[in-house]
Structure formats: structure tokens, C-alpha cells
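# Observations on the three-dimensional arrangement
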Amino acid sequence: MTLTSFGPANLIKRSPETHPLTWRLRDDAEPVWFDEYQAKNGYAAARKAFADMAQDDIVQTVKDAGLKGRGGAGFPTGVKWGLMPKDESINIRYLLCNADEMEPNTWKDRMLMEQLPHLLIEGMLISARALKTYRGYIFLRGEYTTAAKHLNRAVEEAKAAGLLGKNILGSGFDFELFVHTGAGRYICGEETALINSLEGRRANPRSKPPFPAAVGVWGKPTCVNNVETLCNVPAIIADGVDWYKSLAREGSEDMGTKLMGFSGKVKNPGLWELPFGVTARELFEDYAGGMRDGYTLKAWQPGGAGTGFLLPEHLDAQMYAGGIGKVGTRMGTGLAMAVDNTVNMVSLLRNMEQFFARESCGFCTPCRDGLPWSVKLLMALEKGEGREGDIETLLGLVGFLGPGKTFCAHAPGAVEPLGSAIKYFRSEFEAGIAPVSAAVPPLAKPIVVGA
Ligand SMILES: Cc1cc2nc3c(=O)[nH]c(=O)nc-3n(C[C@H](O)[C@H](O)[C@H](O)COP(=O)(O)O)c2cc1C
Ligand code: SF4
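Residues numbered from 1 in each chain as written. Chains lettered and ligands numbered in written order. Predicted model: local features only at pLDDT ≥ 70, side-chain atom pairs only at ≥ 80, totals over all residues. Heavy atoms only, no water.

Turning next to the domain arrangement of the protein chain. On domain assignment, one finds that the protein chain holds domain 1 (34–246), domain 2 (257–340) and domain 3 (345–431). Look at where the C-alpha atoms of domain 2 and domain 3 centre, and you get two points 23 Å apart. Residue-level contacts link 16 residues of domain 2 with 13 residues of domain 3. Buried surface at the junction of domain 2 and domain 3, both sides included, amounts to about 1000 Å², of which 69% is carbon and sulfur. When the area that domain 2 buries against domain 3 is broken down by residue, the three leading residues are Lys298, Ala305 and Phe309, summing to 50%. Here domain 2 is connected to domain 3 by five residue pairs in polar contact (both at pLDDT 80 or more). Counting only elements with at least two residues in the side of domain 2 that touches domain 3, the list comes to β7 (297–301) and β8 (335–340). Broken down by element, the side of domain 2 that touches domain 3 gets its largest block of residues, three residues, from β7. Its residues placed into classes, the side of domain 2 that touches domain 3 shows eight nonpolar, six polar and two charged. (Domains from an automatic or database assignment. Contact = heavy atoms within 4.5 Å. Buried area = accessible area lost by both parts, 1.4 Å probe. Polar contact = N/O pair within 3.5 Å; in protein donor to acceptor, adjacent residues only side chain to side chain. Helix = DSSP H or I, 4+ residues; strand = E, 2+ residues; numbered from the N terminus. Nonpolar A, V, L, I, M, F, W, Y, C, P; charged D, E, K, R; others polar.)

Here the focus is the site of ligand 1. Taken together, 19 residues form the shell around ligand 1, and within it Gly71, Asn98, Glu101, Asn226 and Thr229 come nearest. The separation between a nitrogen atom of ligand 1 and a polar main-chain atom of Gly189 is 3.2 Å. One of the backbone N or O atoms of Glu191 is found 3.0 Å from an oxygen atom in ligand 1. For ligand 1, the protein covers 88% of the area, taking 610 Å² as the surface of the free molecule. Residue contributions to the shell around ligand 1 peak at three residues, all from strand β4 (residues 222–226). Class assignment of the residues belonging to the shell around ligand 1 gives a composition of five nonpolar, eight polar and six charged. (Near = heavy atom within 4 Å. Areas by Shrake-Rupley, 256 points an atom, 1.4 Å probe, with all protein chains shown as cover.)

Glancing now at the packing of aromatic side chains. Applying the stated criterion to the full structure yields 15 aromatic pairs. The interplanar angle of 45° and the centroid separation of 6.4 Å between the aromatic rings of Tyr94 and Tyr137 together place this pair among those described as tilted. One end of the pair, Tyr94, is in strand β1 (residues 94–99); the other, Tyr137, is in strand β2 (residues 135–140), with 43 residues separating them in the sequence. The structure contains a cluster of three or more aromatic residues connected by ring pairs, namely Tyr94, Tyr134, Tyr137, Phe178 and Trp218. A cation over a ring is seen here: Arg129 above Phe173, with NZ or CZ 5.7 Å from the ring centre. (Phe/Tyr/Trp six-rings, centres within 6.5 Å; stacked < 30°, edge-to-face > 60°. Lys NZ or Arg CZ within 6 Å of the ring centre and 35° of its normal.)

Turning to the site of ligand 2, a few remarks are in order. Close to ligand 2 lie 13 residues, the nearest being Cys361, Phe363, Cys364, Cys367 and Cys408. Per-class residue counts for the shell around ligand 2 are nine nonpolar, four polar and no charged.

This is the structure in C-alpha cells:
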């Protein structure tokens, strides 16, 4: 399938000045191959980085631009890069591109890789130069077969042009880049699980510390960055820190632009490159066109299944980490989902928690046992066979699986939508509790995690 739903052309005039990620996209949604990419100023930033910039200057520029990771956690990229060892004698180090993208409702990296594969390669090349990594891997979600095909062809084109391989642009710097397809598991997107999977191990997250910058893939210093993060690097290098910072709307603490989207029963589901700080209302009304006729907006999630639900009254929040934080959840991947008035929240949450339970790696008890337990309770509530106390048990699980209680952020992400759904739509959960007269046999006393 070709992704053509990249926003209505009549609404957005994409230009290099305002749309650093997407201005090179073709209207027919075909990939931009090497010749066209070069003609559209492609690899100019890489040439500048190799000819005119010391490696540490590249790191400093990215730091000064305020680029933050687009993989969901929003960690400052320049700071992460600065954690890589300075010791020049450690000459084996890796750059990994996280292209696992299995967050439900999220397809931004897929669009970049399918249609602008050279932008990612250029971003990785400049980043590799900055980090002194001689080898990179794009860890790609297994189901992204079109992206794999396009990336592999683009890697060959870049190699043929002397932009990958040995002695790039006569600099003496070597960088080999490989596309590695994963088996299509959500947990492979967690950066240390990704490292295990790349090594051929089971994709369990690793303990941090040590962080990948110290001990990463095959025990060597490793930097893991998201596709969209890396795709921001060429424009920052080409056009500078001040321009990049000027792109965001006033009030936003995050810099630059972001791929944002809206799915669900909106008139025009799609993906758009917008300045950080745009309001969710603009995204929903001006770009997604509001709800389809016959539907009303009941709730929305700002950035993937692992972010909390918000109400229509929250649509004036600005789309940046702090703006969404102010209304009580996280920006996540920035691809929002509309929940319409026909959707029952219990059924929606049952579906979501089934996904999260299935994708748990099973390494730690609260997540391995707690998520299936939440599914059982939600299934009972969905059938109207819930028992008194089930909602409190679900809220207990939200606490048991919250931040800091598990080995990685999978479980906290899984329960964030559950906690917020109960907060805003408790009556729908209560409606699933069977009347006492229905003589439903009492549940055995639940086993409390850790007791
Ligand atoms: C369960 C789970 C799944 C994740 N999936 C992805 C993913 O598909 N892509 C991604 O870039 N980051 C994902 N992350 C975040 C990564 O661990 C990591 O923070 C990110 O790749 C760092 O890149 P960035 O700093 O450029 O955002 C996931 C995290 C968790 C806990
Ligand atoms: S929180 Fe879940 S996915 Fe993460 S390590 Fe524990 S069991 Fe695995």
C-alpha cells in the first residue's frame, strides 16, 4: 500500500523554509530516489558537515538547536550524543536507527522511510560522523516490507555515489549502513530490547545503567535514535540553529516541526508536518476536518495507544511535551486518535490492553501478570459480568504497573490509557458490574503482586 494520505495539498504549501522534513515529498507519493533527492539539495548538509565542521561542532549544533527525540520519550538528542565516550581509542561504536514503529495509530516513520529514504540515510551519515560510529543499522519493523525495499535500494544508490562505505567524500571516514528487519514485536522498539534483538537474543529490555552509550550492541558504545529524530539532522546542519528554533510556535518549549496526525472517524485522517506548539484543535479541525457527519468527538489520545485519553475540552492544548503535559498526559508520538460517540470505552480498553498484554516480554511480574489480569476484568465488565470492586482492582493495577515499578516503560504506557479512561468515563465501567441479584459467584481473592 502506498501512503497517500499526507494531508490535503490545498491546506499546506510545503517549502524548505517551513517544512524541513517533508518539502521534498512528491505529490504522487512515489519515493524520492537519489537523483531527485540530490536535485532537491539532498546531501548538501552532509557535504557541509564533512567539509566545514569538526565532529564535536555537529554535536554542539544539534544540542543548541534543541532537537529532542521523536521516538516518544523526548530526550534531548545532543545530550544523548554527548554521552558517547570521548575516548578515541574506542574505535568500535554503533549508530542504531529505531524503525520498529509498532505504536498503534502511528505511521510517521513509515512515511519517511517509504517516500524519503535518502533523508534518513543523510541524517544517519551526519550523525555517524558526529558520533564517530563506523557502522549503523536501521532496525526496521518486519511488516514494513515496502520501507525495507526502498531503504535497501537507497543504500545501494548512496554507496554507488560514494556517500556510504569507505573514505566518504574523501574524508577518510568510513560508514557502513545495513537494514535489519525485526520480527515485528512492539517491545523491540524499546531501545535495549532492540539491541538484544539485533544481537540475535530474545527481545527483553536490559537494565539501565549501563546505558547503551557505554555498553550497547555487542558490548560497544551505541547510540539509538528514532527515524524522525535522525531526519531532522540535515536541515539543522544546512540551515542553522536560529532558523530551526524559529519554526516552533510561540509558547512551545520544543523546537522545530513535528509530524503530527489524526486517525479515527475524522473527515480527513492524515499526517502533517506542523510546528511544535500548534493547538490540538487546529490539528483536529483545520487539518483532520473534524468528525465525519453523524459522529461527535468523545475523547482523543494525543500520541499513540500508550498516552492518556483527553476530552474535547482539552483540544486547546498546544502540541508539545509541556503543553500536553499541562492537561495530564504525554505527547508520545504526536499522532492523535479520535474516539467517537459510538465507541464504548470498556471495549476499547479491553482491545488495547489485549494488545499490550500480548506484546509484554514477560520479564517482570507486574507487567507479565498484571496486564492479562486487567484484560480478564475488562472482558467481564464488557459482558456485564463485572463484580463490585473490579474498578478499584483495575485502578490498583494502574498503580502497580505505573512508572518506576517495572523494568521498562511498556507497562506504564499500557496503563496510562486505562487510568484516564476510568477517570473520565467511570460510569461506562460501572455499567458493566452485574447486579448482586445476578448471583455471579464471587471472585477468589486476587493475588496481590509482591505479597
Ligand atoms: C515498549 C516501548 C516501545 C518503543 N517503541 C519505539 C519505537 O517503535 N520507535 C522508537 O523510536 N522508539 C520507541 N521506543 C522508545 C525507545 O526506547 C527510545 O527511547 C527511542 O528509540 C530513542 O530515540 P529518540 O531519542 O530519537 O527518540 C519505545 C519504548 C518502549 C518502552
Ligand atoms: S515492563 Fe513488561 S515489557 Fe517491560 S521488561 Fe517488564 S515485562 Fe517486559
